[in-house]
Amino acid sequence: MPLVRSLGPFAVVAALAVAGAPVPTPTVAQELSDLAGPYLAARMAVRDGDHREAADYFERALRADPGNPLLISNAVFANAALGRWDAAAVIAEDLPEDATGQELAGLVTFVDTVSAGDLDAARAALEAGRGGGPFVDELSMGWIEFGAGNMDRAVAVFEELATDQSLSELAWLHLGLARAAVGDFEAADEILSGERAGRISQTERVVRARAEILVQLGLRGDALDLLDGYTQRVPDPALLALQARIGAGAEEPYSFVTSWQEGISEVFFTVSQALGADGNGQLPLIYARAAWAISPQNTDALILAGQILTEGEQYALAAEAYDAVPADDDQYVEAQMGRAEALERQGDLDAALATLEGLAEAQPDLAPIHAALGDTLRRAERCEEAIDSYTAALDLVDTSQSRYWFLHYTRAICYHETDNWPPAEADFRRALELNPDQPQVLNYLGYSMVEQRRNLDEALDMIERAVAARPDSGYIVDSLAWVYYRLGRFDEAVEPMERAAELLPTDPIINDHLGDVYWMVGRKREARFQWHRALSLDPAEEDAERIRLKLDIGLDSVLEQEGGVGESQ
């Protein structure tokens, strides 16, 4: 079918719609149908970010039009995004040399070559410009030299790259890892600690590598201090497990990155992390998949892929990526927590809860699991159970640390939701002791006191501080206006309530509040307009009934029935 190859499948579909176009013969029409349907479905899948659907439909389209370079490129990309490197490599072989998409085909072939351990072919690919792309190729060449036994040349490659500002930190990081891989642990720690060439970001993986290096240097106490400093801020389960092993006196050889292949896997991983900050998840996803394909023990790459897929709302694929981390791996707990998040976002709340409950049962001493379970139960509106999980988490941590304000805050919300105000207030106030200017806590506690019509001056002070910290939060600005309303300072309530409605124009409660404020300052026509608008925004039925009553008899009469100014919305 030369027409399809010359115009491309989308052009064929358009051409057939031209008035007066000849009616194709049944055989040709069937072939066009076999091609156009899968192609259009694949395009829709690409638009939606559904890599599995895209791969399947592009491959079906290829069966209808073998050799079409557009279809080949897209099928290669979709399979690479899925981590199907064998399939991607096979499809890439059919891409004509003069067709576009050579960069992606080269990346797939390079990953396949490195995974197979073919050092000479990997070098040839880099020298021919058919590697992983900018940054990846330059850093990978350092590991190729390392693999060939040319450590002096590897050092020269990394040091030269370090003179490029855009690559400097990554180049020093990989030089430090290469030093460790040949047993030069003193030089490695000097680099990774930032003492030699400036700051190296102390990510979870860098901290893990440095801890292993310090153990090899006989500095077990320093390794424990390093890990403790990190896990006090971020209670990473894998680092906690490493900390426990080192503390128990385990003698383990350095194993972080020990081969040229693992080095190139780390290249793909670190570049994926760096690119991910730019918000485009396609290339970072492929690089994360490549890192794991090359070095399956790099399970951080699977977790990174899961995070990228979750951010891209590809929850089923994210759950699969997380679930590929083996149960005996240090990263298993983090992976299963990520899987639970993906399942919840996918709408499978029962599976998410079952995952977290299983983890909590298997690892009862890990506070992050109980905290995550509490959050999920709270979102499921099972607050009594959530309180138990938050309490279990708080029982396992040093609650004098400021970062645990959030556990007190979320447990307080659950106490409030279960109409148990005294412990709720105690938790809110404890959260403020740990984080005195936290706007969420200031707003929630202040607003709650406003609704209870108690401590209104204190509530006003809290909400004013919250607004100062978050002036663009419609909910917090609404709280400020509402405390003025409760205090009877209706004229002062108008400006912040109007601003809240500008910030959140489709929120029914805020529009209802604005109507109440307008009514109290005599702007009754505008009040009725806001109440009608609030009704159009689908408020809760209880709120809707009250709004309809205000429209029927006016706010003054409603307040007489209720016995006071305003009523909890």
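Residues numbered from 1 in each chain as written. Predicted model: local features only at pLDDT ≥ 70, side-chain atom pairs only at ≥ 80, totals over all residues. Heavy atoms only, no water.

A. Spatial organisation of the overall build of the chain. When helices and strands are tallied, the chain shows 33 helices and zero strands. The 569 residues of the chain split such that 50% are buried. Sequence-distant contacts, at least 24 apart, represent 54% of the contacts inside the chain between residues at least 6 apart. Roughly 25,700 Å² of accessible area belongs to the chain as shown, and the carbon and sulfur atoms make up 49% of that amount. (Helix = DSSP H or I, 4+ residues; strand = E, 2+ residues; numbered from the N terminus. Buried < 20%, exposed > 50% of the residue type's maximum accessible area, 1.4 Å probe, protein only. Contact = heavy atoms within 4.5 Å. Areas by Shrake-Rupley, 256 points an atom, 1.4 Å probe, with all protein chains shown as cover.)

B. Quick look at empty space enclosed by the protein. This structure, assessed with the given rule, holds one cavity of 30 Å³ or more. Contributing to the lining of the largest cavity are Glu212, Val215, Gln216, Leu242, Arg245, Ile246, Ala250, Glu252, Pro253 and Ser255. Looking at the lining of the largest cavity, the elements with two or more residues in it are helix H13 (204-216) and helix H15 (237-247). (1 Å grid on protein atoms, 1.4 Å probe; cavity = no way out; pocket = protein on both sides within 12 Å on 5 of 7 lines; lining within 4 Å. Points joined across faces, edges and corners; volume = space filled by probe spheres on them.)

C. Examining the packing of helix H26 (residues 439-451) against helix H28 (residues 474-486) more closely. Contact pair H26 / H28: the axes reach a minimum separation of 10 Å and the direction vectors enclose 30°. Here H26 lies roughly parallel to H28, going by the angle between them. Our pair here, H26 against H28, has a crossing hand that is left-handed. Counted together, Pro439, Asn443, Tyr447, Val450 and Glu451 of H26 and Tyr475, Ile476, Asp478, Ser479, Trp482, Val483 and Arg486 of H28 form the full contact between these two elements. Split by residue class, the contact of H26 with H28 holds seven nonpolar, two polar and three charged. (Axes fitted to C-alpha atoms, helices over the stretch in contact; angles between N-to-C directions. Parallel < 35°, antiparallel > 145°, perpendicular 65-115°, else oblique. Left-handed = near helix turned anticlockwise from the far one by under 90°. Nonpolar A, V, L, I, M, F, W, Y, C, P; charged D, E, K, R; others polar.)

D. Seen up close, the environment of Ala501. By the element assignment, Ala501 lies in helix H29 (residues 490-503). Judged by relative accessible area, Ala501 falls into the buried class, the value being 11%. The spacing of Ala501 and Tyr475 is 26 residues in sequence and 9.3 Å in space, taken between C-alpha atoms. Look past the residues within four positions of Ala501 in its chain and what remains in contact with it is Ile510 and Leu514.

E. Quick peek at the pattern of salt bridges. Tallying each qualifying case throughout the model produces 34 salt bridges. Among the ionic pairs, Arg379 bridges to Glu344, the shortest N-O distance being 2.7 Å. Within this pair, whereas Arg379 is found in helix H22 (residues 367-379), its partner Glu344 is found in helix H20 (residues 332-346), the two being separated by 35 residues in sequence. Each of Glu204, Arg205, Arg208, Glu266 and Asp300 takes part in salt bridges that share partners, so that together they form one network. (Salt bridge = Lys/Arg side-chain N within 4 Å of Asp/Glu carboxyl O.)

F. Examining the nonpolar core more closely. The biggest cluster of nonpolar side chains holds 168 residues, and the ones touching the most others in it are Leu139, Trp143, Ile264, Phe268 and Phe428. If near-sequence neighbours (up to four positions away) are discounted, Ile264 is found in contact with Phe110, Val114, Ser140, Trp143, Ile144 and Ile294. Ranked by size, the runner-up nonpolar core spans 11 residues in total, among them Val207, Val215, Tyr230 and Leu239. (Core = buried A, V, L, I, M, F, W, Y, C linked by side-chain atoms within 4.5 Å.)

G. Spatial organisation of helix H12 (residues 185-192). Where burial is concerned, most of H12 is hidden: six out of the eight residues are buried. Within two residues after H12, Gly194 carries a phi angle of roughly 90°, on the positive side.

H. Here's a closer look at unusual backbone geometry. For Phe135, which is not glycine, the phi torsion reads 75° and is therefore positive. If you trace the backbone, Phe135 turns up in the loop between helix H8 (119-127) and helix H9 (136-147). A positive phi is found at Asn455, a non-glycine position, where the angle reads about 50°. Along the chain, Asn455 turns up in the loop between H26 and helix H27 (456-469).

I. Just helix H7 (residues 102-115), in detail. With 14 residues, H7 extends 20 Å from end C-alpha to end C-alpha; this agrees with the ideal 20 Å at 1.5 Å per step. Counting buried positions along H7 yields 10 of 14 residues, so the element is predominantly enclosed. Among the residues making up H7, those that are buried are Gln102, Leu104, Ala105, Gly106, Leu107, Val108, Phe110, Val111, Thr113 and Val114. On the buried face of H7, the contacting elements are helix H5 (69-82), helix H6 (85-92), H8, H9, helix H16 (260-276) and helix H17 (282-294). (Expected span 1.5 Å × (residues − 1).)

J. Examining the packing of H17 against helix H18 (residues 299-311) more closely. The interhelical angle for the contact between H17 and H18, taken along N-to-C directions, is 160°, at an axis separation of 8 Å. As summarised for this structure, H17 and H18 are arranged roughly antiparallel, according to the angle between their axes. Where H17 crosses over H18, the handedness of that crossing is left-handed. The residues of H18 that touch H17, namely those facing Pro284, Leu285, Ala288, Arg289, Ala291 and Trp292, are Ala301, Leu302, Leu304, Ala305, Ile308 and Leu309. Grouping the constituent residues of the contact of H17 with H18 by class yields 11 nonpolar, no polar and one charged.

K. Layout of the confidence of the model for the chain. On average, residues of the chain score 88 in pLDDT, and 90% of them reach the 70 mark or higher. Confidence drops under a pLDDT of 50 for residues 1-33, and excluding neighbours within four residues, the segment shows 30 contacts in the predicted structure. (pLDDT = per-residue confidence, 0-100.)

L. Region of interest: the packing of aromatic side chains. The tally for this structure, following the rule as stated, stands at 15 aromatic pairs. Ring centres of Phe110 and Phe268 lie 6.4 Å apart, and the angle between their planes is 45°; this geometry places the pair in the tilted category. Here Phe110 is found in helix H7, whereas its partner Phe268 is found in helix H16, with 158 residues between them in sequence. Considered together, Phe110 and Phe268 belong to a single accessibility category, that of buried residues. Judged by centre distance (5.8 Å) and plane angle (40°), the rings of Trp405 and Tyr409 are tilted. Placement of the pair is Trp405 and Tyr409 together in helix H24 (residues 405-417), with a separation of four residues, close to one helical turn. (Phe/Tyr/Trp six-rings, centres within 6.5 Å; stacked < 30°, edge-to-face > 60°.)

M. Representation of the environment of Tyr447. Along the chain, the position of Tyr447 falls in helix H26. Dropping the residues within four chain positions of it, Tyr447 is found in contact with Ile463, Asp478, Ser479, Trp482 and His513.

N. Main features of the side chain of Asp512. Looking at the element boundaries, Asp512 is found in helix H30 (residues 508-520). Of the residues examined, Asp512 reaches a relative accessible area of 2% and is grouped as buried. Within the structure, the side chain of Asp512 is placed 2.5 Å from the side chain of Lys550, a separation counted as a polar contact. (Polar contact = N/O pair within 3.5 Å; in protein donor to acceptor, adjacent residues only side chain to side chain.)

O. Representation of the environment of Glu417 within the structure. Mapped onto the secondary structure, Glu417 falls in helix H24. Along the backbone, Glu417 and Arg382 are 35 residues apart, and their C-alpha atoms lie at a distance of 9.7 Å. Glu417 has contacts with Cys383 and Tyr444, leaving out every residue within four places of it along the chain.

P. Focus on a negative patch on the surface. Together, Asp86, Glu93, Asp94 and Asp112 make up a region of like negative charge exposed at the surface. Among the secondary structure elements, Asp112 is positioned in helix H7. Exposure remark for Asp112: the relative accessible area of 34% places this residue in the partly exposed category. (Patch = residues over 30% accessible without salt bridge, like charges linked within 9 Å, V, L, I, M, F, W, Y side chains within 5 Å. Lys, Arg positive; Asp, Glu negative; His and termini not counted. Charge placed at Lys NZ, Arg CZ, Asp CG, Glu CD.)

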